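Close look at the chain arrangement
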Amino acid sequence: YSSLMRSTRRNPVMRAVGCALLVLVLQAGPAVAGGAGEAAMRTIIERQLMAFRSGDAETAYAQASPHIRSIFPTSGIFMGMVKAGYAALIRPQDVTFLGLVPDTLPPVYRVLVEGRDGRRWLALYQMSLQPGGAWLIGGCTLVRLAGEST
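Residues numbered from 1 in each chain as written. Predicted model: local features only at pLDDT ≥ 70, side-chain atom pairs only at ≥ 80, totals over all residues. Heavy atoms only, no water.

Concerning the overall build of the protein chain
Of the regular secondary structure elements, the protein chain holds 6 helices and 4 strands. Each helix (α) and strand (β) of the protein chain, taken in turn from the N terminus, gives the series α-α-α-α-α-α-β-β-β-β. A buried classification covers 38% of the 150 residues belonging to the protein chain. In the structure as shown, the protein chain presents an accessible area of about 7900 Å², 59% of it carried by carbon and sulfur atoms. (Helix = DSSP H or I, 4+ residues; strand = E, 2+ residues; numbered from the N terminus. Buried < 20%, exposed > 50% of the residue type's maximum accessible area, 1.4 Å probe, protein only. Areas by Shrake-Rupley, 256 points an atom, 1.4 Å probe, with all protein chains shown as cover.)

Digging into helix H6 (residues 75–85)
Those residues of H6 lying buried are Ser 75, Phe 78, Met 79, Met 81, Val 82 and Gly 85. Seen from one end, H6 has its buried residues packed into an arc of 155 degrees, which puts them on one side. Opposite its buried face, H6 presents the exposed residues Gly 76, Lys 83 and Ala 84, each directed more than 90 degrees away. (Arc of directions from axis to C-beta.)

Some thoughts on the packing of aromatic side chains
Inspection of the entire model under this criterion finds 4 aromatic pairs. Ring centres of Phe 72 and Phe 78 lie 6.5 Å apart, and the angle between their planes is 70 degrees; on these two criteria the pair is classed as edge-to-face. For the pair Phe 72 and Phe 78, a shared accessibility class is recorded, and that class is buried. Chaining the aromatic ring pairs together yields one cluster made of Phe 52, Tyr 61, Phe 72 and Phe 78. (Phe/Tyr/Trp six-rings, centres within 6.5 Å; stacked < 30°, edge-to-face > 60°.)

Points about the pairing of strand E4 (residues 135–144)
Burial runs high along E4: 7 of the 10 residues are buried. The sheet contact formed by strand E3 (residues 120–129) and E4 spans 9 bridges and is antiparallel. Of the residues in E4, the one forming a bridge with Tyr 125 is Cys 140. Remark: 5 residues form the turn of the hairpin made by E3 and E4, two consecutive strands paired antiparallel; Gly 133 in that turn has positive phi of roughly 100 degrees. (Pairing = 2+ DSSP bridges.)

Brief notes about the nonpolar core
If you look at the biggest cluster of nonpolar residues, it comprises 32 residues, and the most contacted ones within it are Ile 45, Phe 78, Leu 89 and Tyr 125. Where this core is concerned, the elements lending two or more residues are helix H3 (35–54), helix H4 (57–62), H6, strand E1 (94–100), strand E2 (108–114), E3 and E4. No other element matches H3, which puts 6 residues into this core. Aside from chain neighbours lying at most four places away, what touches Tyr 125 is Ile 45, Gln 48, Leu 49, Leu 89, Pro 107, Val 108, Tyr 109, Val 111, Ile 137, Gly 139 and Cys 140. (Core = buried A, V, L, I, M, F, W, Y, C linked by side-chain atoms within 4.5 Å. Contact = heavy atoms within 4.5 Å.)

Considerations on a positive patch on the surface
Residues Arg 53, Lys 83, Arg 91 and Arg 116 make up a contiguous surface patch of positive charge. For Arg 91, a relative accessible area of 36% puts it in the partly exposed group. (Patch = residues over 30% accessible without salt bridge, like charges linked within 9 Å, V, L, I, M, F, W, Y side chains within 5 Å. Salt bridge = Lys/Arg side-chain N within 4 Å of Asp/Glu carboxyl O. Lys, Arg positive; Asp, Glu negative; His and termini not counted. Charge placed at Lys NZ, Arg CZ, Asp CG, Glu CD.)

Things to note about the confidence of the model for the protein chain
Taken as a whole, the protein chain shows an average pLDDT of 84; of its residues, 75% reach a score of 70 or greater. The low-confidence segment residues 1–8 (pLDDT under 50) makes 17 contacts with residues lying over four places distant or belonging to another chain. Note that pLDDT drops below 50 for residues 19–31; the model gives that stretch 24 contacts with residues more than four away or on any other chain. (pLDDT = per-residue confidence, 0-100.)

Here you go:
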């Protein structure tokens, strides 16, 4: 996560690729998951945000997909990455759930977040359907909203 975020800040090619992917995600049209799936995804994201807020690293880590947990093999390493690259998600002032981006596979859930510093971000959560039918977070991209300072 954080290394990708740092590389896109320094590398104009990576920034362009990231922007192109964001445009595709935002322009894509109904996700495969219906109302129950969307509600389950929101619950997972809410659970992770509440765990971040309360400092519960284990619960926050448990909402991440096995792939993410393979990259960050302990909750401590995972939380270090979150603190370094996703500080806006730790204890946001405000959170607004905007729902799924239409027609994306895997599904992408949009969440508007206002960080403690007042900056607003769009968090794009890529969701991962597990073999048992549960949803977990497969990744997150934070996009600073237009007009926000760095």
